[in-house]
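# Summary of the model geometry
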Amino acid sequence: MNLAEKEEEIFLLMKYAAAGEDLPAARDLVARHKNDHISLNIFHEFYSYLPEAQNDVIRALRLLWKREGNFLIAVTTTIDNYLYITSHEGSEYLGRHEDGIWDKEVLELFDLDHGTALEKFKDLNSFPLYVPANMDLRLCPVCATDHGDLHRLGCPVEICPWCGGQLAKCNCRFEQTGKEVLKNEAQLKTFIARLNTKGRIPFNATEQSLTLG
Ligand SMILES: [Zn+2]
Ligand SMILES: [Zn+2]
């Protein structure tokens, strides 16, 4: 789904989710994020599946943390505050802010346990409002990883450590594994292991944002 299609689908979902008088402001908020997959994925998830299964709208998004293109976002609605993890590929509902994070993968991603996370993210007002990732020039323009962090695997901006070309397109995966095609998960894993041993090249905002315009 491209950005315009995603926005249109969100607007459609909102008609069923929002009470009439809340709709204009809620639509404005979505429109302000129309060039950013990361946040549109949250709007889409929220309006597809309302946490309380009753009319509600998103009033604000706050950035709690980000790592390697994954964004932990607190969503403030008319009813309550909720947590979402989101990336360029999609968004997942984590639960009410008050209940904290129980998702093991998410806790591992940020090196936290449930208690530490609960304490750390307790005061939502101390966290900044989320700025659409496409407006932040320190982030990879495709996968939104931070300057100095690894790209999300498969990001077309990642540079190949063997040939210096585009890792998603070059032939090194075949040369490194001795296969003509990578057909299954196991072969892909072998390649990723070799890639990690060689050392992946993190995103460099100064060099790479400019070359991509
Ligand atoms: Zn990237
Ligand atoms: Zn290569």
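### Details of the domain arrangement of the protein chain
- By the assigned domains, the protein chain splits into domain 1 (3-135) and domain 2 (137-213).
- Its C-alpha centre places domain 1 at a distance of 28 Å from the equivalent point of domain 2.
- The partner domain 2 presents 10 residues to the 12 residues of domain 1 that form the contact.
- Taken together, the two surfaces of domain 1 and domain 2 that pack against each other cover about 850 Å², and 49% of this comes from carbon and sulfur.
- For the pair domain 1 and domain 2, the interface holds two salt bridges.

### As for the nonpolar core
- With 29 residues, the main nonpolar core has Phe 43, Tyr 47, Ile 58 and Phe 71 as its most contacted residues.
- Elements represented by at least two residues in this core include exactly α1 (3-17), α2 (23-32), α3 (37-48), β1 (58-67), β2 (70-77) and β3 (81-86).
- When residues in this core are grouped by element, the largest group, six residues, is from α3.
- Apart from the residues lying within four places of it in its own chain, the contact partners of Phe 43 are Ile 10, Leu 29, Val 30, His 33, Ile 58 and Leu 61.
- Of all hydrophobic cores here, the second largest spans 15 residues; its members include Leu 83, Phe 110, Leu 112 and Leu 124.

### Remarks on the side chain of Lys 6
- Within the fold, Lys 6 resides in helix α1.
- When neighbours within four sequence positions are excluded, Lys 6 is seen to be in contact with Met 1, His 37, Leu 40 and Asn 41.

### Thoughts on the coordination of the zinc ion (ligand 2)
- Cys 160 (SG), Cys 163 (SG), Cys 170 (SG) and Cys 172 (SG) make up the full set of protein donors to the zinc ion (ligand 2), lying at 2.3 Å.
- Coordination at the zinc ion (ligand 2) comes from four donor atoms whose angles at the metal span 104 to 114°, giving a geometry best classed as tetrahedral.
- Summarised as a motif, the one-chain spacing of the donors to the zinc ion (ligand 2) is C-x2-C-x6-C-x1-C. You can see Cys 160 sitting in the loop between α5 (114-120) and α6 (172-177) and its partner Cys 172 sitting in helix α6, a full 12 residues away along the chain. One exposure class covers both Cys 160 and Cys 172, and it is buried.

Rules used throughout
Residues numbered from 1 in each chain as written. Chains lettered and ligands numbered in written order. Predicted model: local features only at pLDDT ≥ 70, side-chain atom pairs only at ≥ 80, totals over all residues. Heavy atoms only, no water. Domains from an automatic or database assignment. Contact = heavy atoms within 4.5 Å. Buried area = accessible area lost by both parts, 1.4 Å probe. Salt bridge = Lys/Arg side-chain N within 4 Å of Asp/Glu carboxyl O. Core = buried A, V, L, I, M, F, W, Y, C linked by side-chain atoms within 4.5 Å. Buried < 20%, exposed > 50% of the residue type's maximum accessible area, 1.4 Å probe, protein only. Helix = DSSP H or I, 4+ residues; strand = E, 2+ residues; numbered from the N terminus. Donors = N, O, S within 2.8 Å, 3.2 Å for Na, K, Ca; no water. Tetrahedral: all angles 85-135°; square planar, octahedral: opposite > 155°, others 65-115°.

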